[in-house]
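# Breakdown of the fold
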Amino acid sequence: MDDITGLELSPRKIEYLKYLFERGDNVRTTEISNHMNVDPSTITKAINELASSGYVNHVPYRGFSLTEKGKDYAHFLLRRHRILSLMLNHYGLTAEESCAEVARFEGYVSKKAINAICDSMGHPTIGVCGRIEHDSCNLKHEHHEKKDE
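First, a word on scope: everything that follows refers to the structure included in this document.

What counts, and where the lines are drawn
- Residues numbered from 1 in each chain as written.
- Predicted model: local features only at pLDDT ≥ 70, side-chain atom pairs only at ≥ 80, totals over all residues.
- Heavy atoms only, no water.
- Axes fitted to C-alpha atoms, helices over the stretch in contact; angles between N-to-C directions.
- Helix = DSSP H or I, 4+ residues; strand = E, 2+ residues; numbered from the N terminus.
- Parallel < 35°, antiparallel > 145°, perpendicular 65-115°, else oblique.
- Left-handed = near helix turned anticlockwise from the far one by under 90°.
- Contact = heavy atoms within 4.5 Å.
- Buried < 20%, exposed > 50% of the residue type's maximum accessible area, 1.4 Å probe, protein only.
- Pairing = 2+ DSSP bridges.

## Overview of the packing of helix α1 (residues 11-23) against helix α2 (residues 29-36)
- One way to put it is that α1 packs onto α2 with a least axis distance of 11 Å and a crossing angle of 120 degrees. On the basis of their axis angle, the class for α1 and α2 is oblique. For α1 against α2, the interelement crossing comes out right-handed. Across the interface between the two elements, Arg-12, Glu-15, Tyr-16, Tyr-19, Leu-20 and Arg-23 of α1 pack against Glu-31, Ile-32, His-35 and Met-36 of α2.

## Overview of the pairing of strand β2 (residues 63-66)
- The alternating pattern of β2 places Gly-63 and Ser-65 and Phe-64 and Leu-66 on opposite faces, both of which are buried.
- Connecting strand β1 (residues 56-59) to the antiparallel partner β2 that follows it, the hairpin turn spans three residues, and Tyr-61 within it adopts a positive phi of roughly 65 degrees.

## Overview of unusual backbone geometry
- We note that Asn-26 has phi near 55 degrees; this positive angle belongs to a residue other than glycine.
- Within the fold, Asn-26 resides in the loop between α1 and α2.
- Phi is positive for Asn-37, which is not a glycine, with a value near 60 degrees.
- Residue position: Asn-37 is located in the loop between α2 and α3 (40-52).
- For Asn-37, a relative accessible area of 74% translates into the label exposed.

Now the structure itself:
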């Protein structure tokens, strides 16, 4: 996923991908619709757009699931959310306030900015809303190895 900028999707589609990731395979339109409080036709249109972009598979009569590309992108989305939430928590917001605030703007923060923030924070592994994975962070392993020597 080195070719992503983090700015490919609208905030609403980001929420759909994160929801699909959390729910697992074969999520039905009605489940997404009920959770997001959005008309099923709106969900169908957005999910079909995500499918045409390669993020989602549609299995007729079974539901939707993420492709490998979708899973990789969802990992980045969760990492971005958790890093930004941790940053806001560090500056005085509660965990709940941090998560809510980040949900309002996270779709506008690039992968480059997230990697820089993550680096400046020392690559934290635990955020206010879960574990932070760094597989897509471009960690400079040789830098960390030198510290251990």
